[in-house]
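Close look at the chain arrangement
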Amino acid sequence: MVAALAVYKKMDLSTPYHLSNFINGTLIAPVKGNYIDNVDPSTGKVYGEIPDSDKEDIELAVKAARSAFPAWSKSSNEYRFKILNRIADLIDEHSEVLALAETIDNGKPFWLSKKVDIPRASSNFRFFATGIMHFASESHQMEDRSVNYTLRQPIGIVGCISPWNLPLYLFTWKIAPALAAGNTVIAKPSEVTPVTAYLLSKICQQAGLPAGVLNIVHGTGPSAGEAIVTHQEVRAISFTGSTRAGERIASLAAPKFKKLSLELGGKNPNIIFADCDWKKMMDTTMQSSFSNQGEICLCGSRILVEESIYEKFKTEFVARTKKLIPGDPLLEDSKQGAIVSEVHYRKILDCITTAKKEGGKIICGGEPVIPEGRCAEGFFIQPTIIEGLGPDCRTNMEEIFGPVVTLQSFKTEEEALLLANTCSYGLAATIWTSDISRAHRLSSRVESGIIWVNCWLLRDLRTPFGGFKNSGVGKEGGWEALKFFTESKNVCIDL
Ligand code: NAD
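A short tour of the structure in this document, coming up. On a predicted model such as this, the values are computed, not experimentally measured, just so you know. (Residues numbered from 1 in each chain as written. Predicted model: local features only at pLDDT ≥ 70, side-chain atom pairs only at ≥ 80, totals over all residues. Heavy atoms only, no water.)

All right, on to the overall build of the protein then. Of the regular secondary structure elements, the protein holds 16 helices and 25 strands. Its C-alpha atoms give the protein a radius of gyration of 23 Å, near enough to 23 Å, the size a compact globule of 495 residues would have. Dimensions along the principal axes, computed over C-alpha positions, put the protein at roughly 65 × 65 × 40 Å. Taken across its 495 residues, the protein has 57% of its residues classed as buried. In the protein, of all internal contacts separated by at least 6 residues, the share reaching a separation of at least 24 is 75%. Of the roughly 19,800 Å² that the protein leaves accessible, carbon and sulfur atoms contribute 55%. For the protein, the separation between the mean place of its 54 positive charges and that of its 56 negative charges on side chains is 2 Å. (Helix = DSSP H or I, 4+ residues; strand = E, 2+ residues; numbered from the N terminus. Rg over C-alpha atoms; globule rule 2.2 N^0.38 Å. Buried < 20%, exposed > 50% of the residue type's maximum accessible area, 1.4 Å probe, protein only. Contact = heavy atoms within 4.5 Å. Areas by Shrake-Rupley, 256 points an atom, 1.4 Å probe, with all protein chains shown as cover. Lys, Arg positive; Asp, Glu negative; His and termini not counted. Charge placed at Lys NZ, Arg CZ, Asp CG, Glu CD.)

What follows covers the side chain of Thr-103. In this structure, Thr-103 sits in helix H4 (residues 95–106). A distance of 3.5 Å separates a polar side-chain atom of Thr-103 from the backbone oxygen of Pro-109. For Thr-103, the contacting residues outside a window of four places in its chain are Lys-108, Pro-109, Phe-110, Ser-113, Pro-329 and Leu-330. (Polar contact = N/O pair within 3.5 Å; in protein donor to acceptor, adjacent residues only side chain to side chain.)

A word on the site of the ligand. Around the ligand, a shell composed of 31 residues is seen, among which Lys-188, Glu-191, Ser-242, Leu-264 and Glu-399 lie nearest. A distance of 2.8 Å is found between an oxygen atom of the ligand and a side-chain nitrogen or oxygen belonging to Trp-164. The contact in question runs from an oxygen atom of the ligand to an N or O atom on the backbone of Gly-241, over 3.3 Å. Coverage of the ligand by the protein amounts to 92% of the 840 Å² it exposes when considered alone. The set of elements that each furnish at least two residues to the shell around the ligand consists of helix H8 (221–230), strand S11 (234–240) and helix H9 (243–253). The element that contributes the greatest number of residues to the shell around the ligand is H9, accounting for 4 residues. Here the residues of the shell around the ligand are counted per class, giving 13 nonpolar, 11 polar and 7 charged. Taken domain by domain, the shell around the ligand gets at least three of its residues from each of domain 1 (7–264 + 471–491) and domain 2 (269–460). (Near = heavy atom within 4 Å. Nonpolar A, V, L, I, M, F, W, Y, C, P; charged D, E, K, R; others polar. Domains from an automatic or database assignment.)

Purely geometric stuff here, so don't read any function into it on its own.
Here it is as structure tokens:
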């Protein structure tokens, strides 16, 4: 903790600090001069302010992005490759500072920010910098009649809007391919976790990213977010967040015929068969249930266990979960940190109350935690396990997005499949079995965009990423992202 606090002081983020928008290469105040409080969820205290931007700020960002577009879109792939790699290098160079900022803003353990969030942010830039160097398009020949070739051109100004759970990780996952493909970008991080996006503005300045190519505007969804979504000159929106906000964004963007990519919520099944590799399954299930306080859209919040091993699983799972005591995220031995905000903390506790009202039995956790010392007024919840509920109650249908999982048992593969698919979401699923035929069979029938067999969160950035059903529309990752951020145009030549 002492080491973490020392870095914190060096960061020039001493309390209270004031964030700025990054528009046309410059850090500037919001036009109306309005700000929103930023709270450290581990202490419950306001520790800074962020711009409460609106239409006027977005207008400035559009103006900057419009002027930057001709040069950036015509720049060579190699030039963009170099700049994006420079950004990646600077993220690595400042990784301690960024990790600490992420932890203070979000409440996640410092070790997790260092190990996962920040390394992934630099990987995102490196991955798409390299990707654009290899991006190619198709050609189709009609025997001796004609040849068609496909041009993939940058779209223009695009909007990227991201959530609070993996702040810099997901922010850069959108920005990097958009920039690599030659677009200019207006990006808005979550108002709940804005600091690493602000630090990225400084990194972009240092990396020599031309002015106006990336504009980072802070503020709320209804104000700054909707001003991006509805602006006529913003031609594509890449959004990650809740299904509720996704629905609203789709309703605003669709009548304007914008390209849309929506990465939304999840309520993912973790399907465990008796023939699994027990130790690997148990270790991984601990992570897939509670990593990042359960605030990962890919967490397996519905655990489906074959009846013959249900009691054994429950006993070990509860015993291990009881040891996951939430605490000060700056401490290296805190396995769980704080819930991101008071609003979200109350929502999770309400969901636990609902589960009880629905007849669910809380077999582990279920209560707030009050750590001693500096975090006594922070937002902490015990990792919680609920059993005794069927598939169609609210607890098993609605996303909780916290350290709360349910257990259900099944007798047959068909029943497991039915439970897995009884849900309006379809983001990810995990299957634990050593029967390879069953793994293939179920993988093709579970209605989710991502299936992990005998693993979880093993990500190859080249693969398509995105959900089915209410978990979203469109795919991110690899060529999918570069295709999304370009417009394809067919050129037909009569031979
Ligand atoms: P949220 O929808 O409240 O906010 C996400 C972002 O959208 C924020 O920047 C917010 O300001 C903005 N926003 C909100 N309303 C808007 C509007 N009307 N117009 C424009 N922008 C708007 O989500 P959250 O609470 O920040 O994040 C948690 C949600 O994100 C969970 O549902 C989680 O499953 C989902 N998520 C999905 C993925 C995925 O890849 N599918 C990844 C991470 C998180």
